[in-house]
Amino acid sequence: MNQHDLSDLRAEFDKFVKERCPTDPENLQEQNSDASDKEDEESVPQFVETLTNKLLAPAISGVYLSRLDIKRIAEAIDESLPIKERIKMIRALFRHTNTKQYLEDAFGEINKHINGRILIYQELGEAFPASKTIFDEHSNKARKIMKIFEHIIEDFEEIEPSEDPLFV
């Protein structure tokens, strides 16, 4: 390879980095459109914080839900979510929850995804018997997280949109 070609390539790369990769912290905020979304600052129901802590941590839930999985869950219940960080997507999914039916639908779709992972774990446990205990442990964690969904639905109090929020 010619030395002149490498210097041209280096100049193009430096130009790209200068234009597309800001190193100034002040410009970094405006470059990351996901960072300052006003909608992300809105309040969410109390259960969402617990849900995100447990559901999105594979060490606790036994499964990993990707951003694409969360997007598919939202589409299955006729919601539209932009792809962002997983926590922000879960918060957006449950931000305007006001009926138990919505929760049942959302958790039903999440359960479908989790059950799919459990089936994969079972297949892997059969294919690799020495690792079966590890896959069984993940399956048990996933089943426990699904029970949490049932408790959230039971404890949820519906909010009627016609009620006056200032009326006590």
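Here's a quick rundown of the structure. What you are looking at is a predicted structure, and each value in this text was computed from that prediction instead of being measured. (Residues numbered from 1 in each chain as written. Predicted model: local features only at pLDDT ≥ 70, side-chain atom pairs only at ≥ 80, totals over all residues. Heavy atoms only, no water.)

### Quick word on the overall build of the chain
When its secondary structure is counted, the chain shows eight helices and zero strands. Secondary structure elements of the chain, listed N to C terminal, follow the sequence α-α-α-α-α-α-α-α. The proportion of buried residues among the 168 residues of the chain is 31%. A fraction of 65% describes how many contacts in the chain between residues 6 or more apart in sequence connect residues 24 or more apart. For the chain, the computed accessible surface area is about 11800 Å², with 52% contributed by carbon and sulfur atoms. (Helix = DSSP H or I, 4+ residues; strand = E, 2+ residues; numbered from the N terminus. Buried < 20%, exposed > 50% of the residue type's maximum accessible area, 1.4 Å probe, protein only. Contact = heavy atoms within 4.5 Å. Areas by Shrake-Rupley, 256 points an atom, 1.4 Å probe, with all protein chains shown as cover.)

### Observations regarding the packing of helix H3 (residues 46-55) against helix H8 (residues 132-155)
Packing of H3 against H8 leaves a shortest axis separation of 11 Å and a crossing angle of 175°. Viewed along their axes, H3 and H8 adopt a mutual orientation that is roughly antiparallel. Of the residues in H8, those touching H3 at Phe47, Leu51, Lys54 and Leu55 are Ile145, Ile148, Phe149 and Ile152. By residue class, the composition of the contact of H3 with H8 is seven nonpolar, no polar and one charged. (Axes fitted to C-alpha atoms, helices over the stretch in contact; angles between N-to-C directions. Parallel < 35°, antiparallel > 145°, perpendicular 65-115°, else oblique. Nonpolar A, V, L, I, M, F, W, Y, C, P; charged D, E, K, R; others polar.)

### Comments concerning the nonpolar core
In terms of nonpolar packing, the biggest core is built from 33 residues, with Phe94, Phe107 and Ile114 touching the most fellow members. Mapped by element, the contributors of at least two residues to this core are H3, helix H5 (67-76), helix H6 (86-94), helix H7 (100-127) and H8. Broken down by element, the residue count for this core peaks at eight residues, all from H7. With residues up to four places along the chain from it excluded, the contact list for Phe94 reads Pro45, Phe47, Val48, Leu51, Tyr102, Leu103, Ala106, Phe107 and Ile110. (Core = buried A, V, L, I, M, F, W, Y, C linked by side-chain atoms within 4.5 Å.)

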